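Read off the chains here:
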Amino acid sequence: MPRYRWLKKRLKEISESTSVEKTLLILPFFILFLDLYLLTHAVYIRDIYVIIPALILFIFSLAEIIVAFDEMHERTVENILDRRLASKVRSIIRESNEKLTVKNVMRNSLEKYPELEKHKKRLYHLVCQILPEYKSKKD
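Now for a look at the structure at hand. (Residues numbered from 1 in each chain as written. Predicted model: local features only at pLDDT ≥ 70, side-chain atom pairs only at ≥ 80, totals over all residues. Heavy atoms only, no water.)

## Topic: the overall build of the protein chain
- When helices and strands are tallied, the protein chain shows five helices and zero strands.
- The N-to-C order of helical and strand elements in the protein chain reads α-α-α-α-α.
- The C-alpha radius of gyration of the protein chain comes to 24 Å, more than 25% above the 14 Å expected for a compact globule of 139 residues.
- If you line up the protein chain on its principal axes, its C-alpha atoms span 80 × 35 × 25 Å.
- For the protein chain, the proportion of its 139 residues judged to be buried stands at 29%.
- Considering only contacts in the protein chain between residues 6 or more positions apart, those separated by 24 or more positions represent 55%. (Helix = DSSP H or I, 4+ residues; strand = E, 2+ residues; numbered from the N terminus. Rg over C-alpha atoms; globule rule 2.2 N^0.38 Å. Buried < 20%, exposed > 50% of the residue type's maximum accessible area, 1.4 Å probe, protein only. Contact = heavy atoms within 4.5 Å.)

Rendered as structure tokens:
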């Protein structure tokens, strides 16, 4: 169903997010519904002094929900990138015949996968995390 691809991706991202992120996403919806109730009541009684602040709160609540979704999306994209980089680093380490050092693994990774050049900083941190796992296995 190509029509719902965007929604499916977002729901999958929400399901993979942490419980803290889910809680932080539920609160803005709760506030949005309260703002909507206040706004409809203010429109019903036709009080302009209540309509304007209620409308401003409603807009802020919508913006907060959009920002929360965007943060969850960015975190998901970063996690996917980290998994891909980690698998490439692990394959480099498994194939390596020379001494396993951060410098050697970085050099071999960048030689084999030149597209990783733009992710050098993240790659360095992943190599520093993964390398001790393999060193402890060899010992």
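## Some points on the nonpolar core
- With 17 residues, the main nonpolar core has V89, I93, V105, L116, L123, V127 and I130 as its most contacted residues.
- Taken together, the elements giving at least two residues each to this core come down to α3 (48-95), α4 (102-112) and α5 (120-138).
- Looking at this core, the element that brings in the most residues is α5, giving six residues.
- Those residues in contact with V127 that sit more than four places away from it in its chain are V89, V102, V105, M106 and P132.
- Core analysis: the second largest hydrophobic core is formed by seven residues, L32, L39, A42 and A54 among them. (Core = buried A, V, L, I, M, F, W, Y, C linked by side-chain atoms within 4.5 Å.)

## Here's the deal with the pattern of salt bridges
- On inspection of all chains with the given rule, the structure shows four salt bridges.
- Here D82 ties to R122 by a salt bridge, and the two come within 2.8 Å at their closest N and O atoms. In this pair, D82 sits in helix α3 while R122 sits in helix α5, placing the two residues 40 residues apart along the sequence.
- Between E115 and K88 there is a salt bridge, with its nearest N and O atoms 3.1 Å apart. (Salt bridge = Lys/Arg side-chain N within 4 Å of Asp/Glu carboxyl O.)

## Thoughts on the packing of helix α2 (residues 19-45) against α3
- With their axes 9 Å apart at the nearest point, α2 and α3 run at an angle of 160° to one another. As the angle between them shows, α2 and α3 are arranged roughly antiparallel. Seen along the crossing, α2 lies across α3 with a hand that is left-handed.
- Residues of the contact of α2 with α3, tallied by class, amount to 21 nonpolar, one polar and four charged. (Axes fitted to C-alpha atoms, helices over the stretch in contact; angles between N-to-C directions. Parallel < 35°, antiparallel > 145°, perpendicular 65-115°, else oblique. Left-handed = near helix turned anticlockwise from the far one by under 90°. Nonpolar A, V, L, I, M, F, W, Y, C, P; charged D, E, K, R; others polar.)

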